[in-house]
Amino acid sequence: MKSLMEREKDTFFQVYKRLPIEVDRAEGCRVYAKDGSVYLDFLAGIAVNALGHSHPAIVDAVCEQAKKYMHISNYFYQEPQIKLAEKLKEMSGMDRVFFSNSGTEATEGAIKLARRYGSQCDKIDIIAFSGGFHGRTYGALSVMDKPQYKDKMGPYLSNTKVIEYNNVDELRATINDKTAAVILEFIQGEGGITTATQAFIDEMSKLREQFGFLIIADEIQAGSGRSGKFAAYQHFGVRPDVVTLAKGMGGGMPLGAILATEALAGIWDKGMHGTTYGGNAVACAAGFAVLNELENGVLANTNEVGQYLKSKLDETMARFPGKVAEVRGRGLMLGLLLTFDAAELVAEMLKHKVISNAASGKVLRIVPPLTITKADADEFISVLHKCLEVI
Ligand SMILES: Cc1ncc(COP(=O)(O)O)c(C=O)c1O
């Protein structure tokens, strides 16, 4: 009998760098492999499993909804959708909701929305920022500067431009009355847990007042509580015009969303945007369970354990000055800038049954479930130190 690894190799496009783990089950922040190994999971399905794996609140919500109905289409009024949308409005401070199935679909919708807005006021350009990641579909790739994801698959959307993140002068020089929107992550995930500076965001807000473009906050990774607030933009005192969400919001179910201000409520006519599965009742029930748990202790835990873990990472940097150059991030979206390729450290940590992740070359990305305890953080730090000693 061939192993899962062998069967995958014979069967799939080889686009994923998979970890050498054949999964049996997962619970909380632990992944149980078929060979009996147990891993501490500080990747959480790439910042998806906000409540950890198979949290009872999500499992119950999913099972209960699945018994009633799973999919019925957006021809119908559905309580799980409405409940989640109302909760999202409350937590985000935004006004209007559209549900998608994934992050990249939310990005596509946000770009369409920006272009539609621009068509009404003679604006067309969409500005994005270096290091940003917005998804793998054509619109998303058009607002990214990552050749490894784009090469020889063009052409991409016109009237898009990627400028340097956190460069106030370049922002000022680029924005003009043709700018329909800017799209940014307030804390970049794939970009190596890089946070926007307050000065950059303040300048962006000032320019928005002057030129009237939309600020699209990509909260797909940093949102849904990961940064210690519901959304990362809430740390900056700015209200975006459009917000995209996915990942953590569904707690493991495929779910994304576009949120927007009331000013954009009538931007799309009936049928102008839509999806068969978006707002799937089971996914929305899971999403509501996630947001409920965030409000009932998980956000507080994210801040408390996040601060604790960050202080331990600061100590790590002091202890390994030649190997750790910087501690980054907020809440439980943390990163360690290393002086060497982070993939090396990830591989070493895996030998000690700890799952972590490399982002942007030299950054160890730390995005565990938001439900981890200080003891889990200690376990991670202890293995991190062991591995830094031998590298
Ligand atoms: C900030 C950000 N935006 C968009 C996406 C794309 O989301 P999805 O993979 O669900 O399409 C990701 C995924 O990693 C992301 O981190």
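So, how was this worked out
Residues numbered from 1 in each chain as written. Predicted model: local features only at pLDDT ≥ 70, side-chain atom pairs only at ≥ 80, totals over all residues. Heavy atoms only, no water. Near = heavy atom within 4 Å. Polar contact = N/O pair within 3.5 Å; in protein donor to acceptor, adjacent residues only side chain to side chain. Areas by Shrake-Rupley, 256 points an atom, 1.4 Å probe, with all protein chains shown as cover. 1 Å grid on protein atoms, 1.4 Å probe; cavity = no way out; pocket = protein on both sides within 12 Å on 5 of 7 lines; lining within 4 Å. Points joined across faces, edges and corners; volume = space filled by probe spheres on them. Nonpolar A, V, L, I, M, F, W, Y, C, P; charged D, E, K, R; others polar. Helix = DSSP H or I, 4+ residues; strand = E, 2+ residues; numbered from the N terminus. Contact = heavy atoms within 4.5 Å. Pairing = 2+ DSSP bridges. Axes fitted to C-alpha atoms, helices over the stretch in contact; angles between N-to-C directions. Parallel < 35°, antiparallel > 145°, perpendicular 65-115°, else oblique. Left-handed = near helix turned anticlockwise from the far one by under 90°.

Here we take up the site of the ligand. Surrounding the ligand, one finds Ser 102, Gly 103, Thr 104, Phe 133, His 134, Gly 135, Glu 185, Glu 190, Asp 218, Ile 220, Gln 221 and Lys 247. Between an oxygen atom of the ligand and a side-chain N or O atom of Gln 221, the distance comes to 2.8 Å. Contact with the protein chains covers 82% of the free accessible surface of the ligand, which is 390 Å².

In this section: empty space enclosed by the protein. Applying the stated criterion to the full structure yields 1 cavity of 30 Å³ or more. The computed volume of the largest cavity comes to approximately 30 Å³. In this structure, the largest cavity is lined by 13 residues; those nearest its centre are His 71, Ser 73, Gln 78, Gly 279 and Asn 280. Among the residues forming the lining of the largest cavity, the class breakdown is 4 nonpolar, 9 polar and no charged.

Another aspect to go through is the layout of surface pockets. Put simply, the second largest pocket is a space of about 1200 Å³. Asn 74, Val 97, Phe 98, Phe 99 and His 273 are the residues nearest the centre of the second largest pocket, which is lined by 33 residues in total. Every element with two or more residues in the lining of the second largest pocket is listed here: helix 4 (79-92), strand 4 (96-100) and strand 12 (256-260). Considering every element that reaches the lining of the second largest pocket, the biggest residue donor is helix 4, with 5 residues. Here the residues of the lining of the second largest pocket are counted per class, giving 17 nonpolar, 10 polar and 6 charged.

To continue, consider the environment of Ala 106. Note that Ala 106 resides in helix 5 (residues 103-120). With 226 residues separating them along the chain, Ala 106 and Leu 332 place their C-alpha atoms 23 Å apart. If we skip the residues at most four places from it in the chain, Ala 106 touches Ser 100, Thr 244, Leu 245, Ala 257 and Ile 258.

Pairing analysis gives 6 bridges linking strand 13 (residues 324-330) to strand 14 (residues 333-338), with the strands arranged antiparallel. Bridge pairing links Val 324 to Leu 338 in strand 14. As consecutive antiparallel partners, strand 13 and strand 14 are separated by 2 residues, and within that stretch Gly 331 has a phi angle of approximately 60°, a positive value.

Right, let's get into the packing of helix 3 (residues 56-68) against helix 10 (residues 281-319). Describing two packed helices takes the angle between their axes plus the distance from one axis to the other. Where helix 3 meets helix 10, the axes come as close as 8 Å, and the angle between the chain directions of the two elements is 150°. One finds that helix 3 runs roughly antiparallel with respect to helix 10. Where helix 3 crosses over helix 10, the two elements pack in a sense that is right-handed. Within the contact between the two elements, helix 3 uses Ala 57, Ile 58, Ala 61, Val 62, Gln 65 and Ala 66 and helix 10 uses Ala 281, Val 282, Ala 285, Ala 286, Ala 289, Val 290 and Glu 293. Per-class residue counts for the contact of helix 3 with helix 10 are 11 nonpolar, 1 polar and 1 charged.

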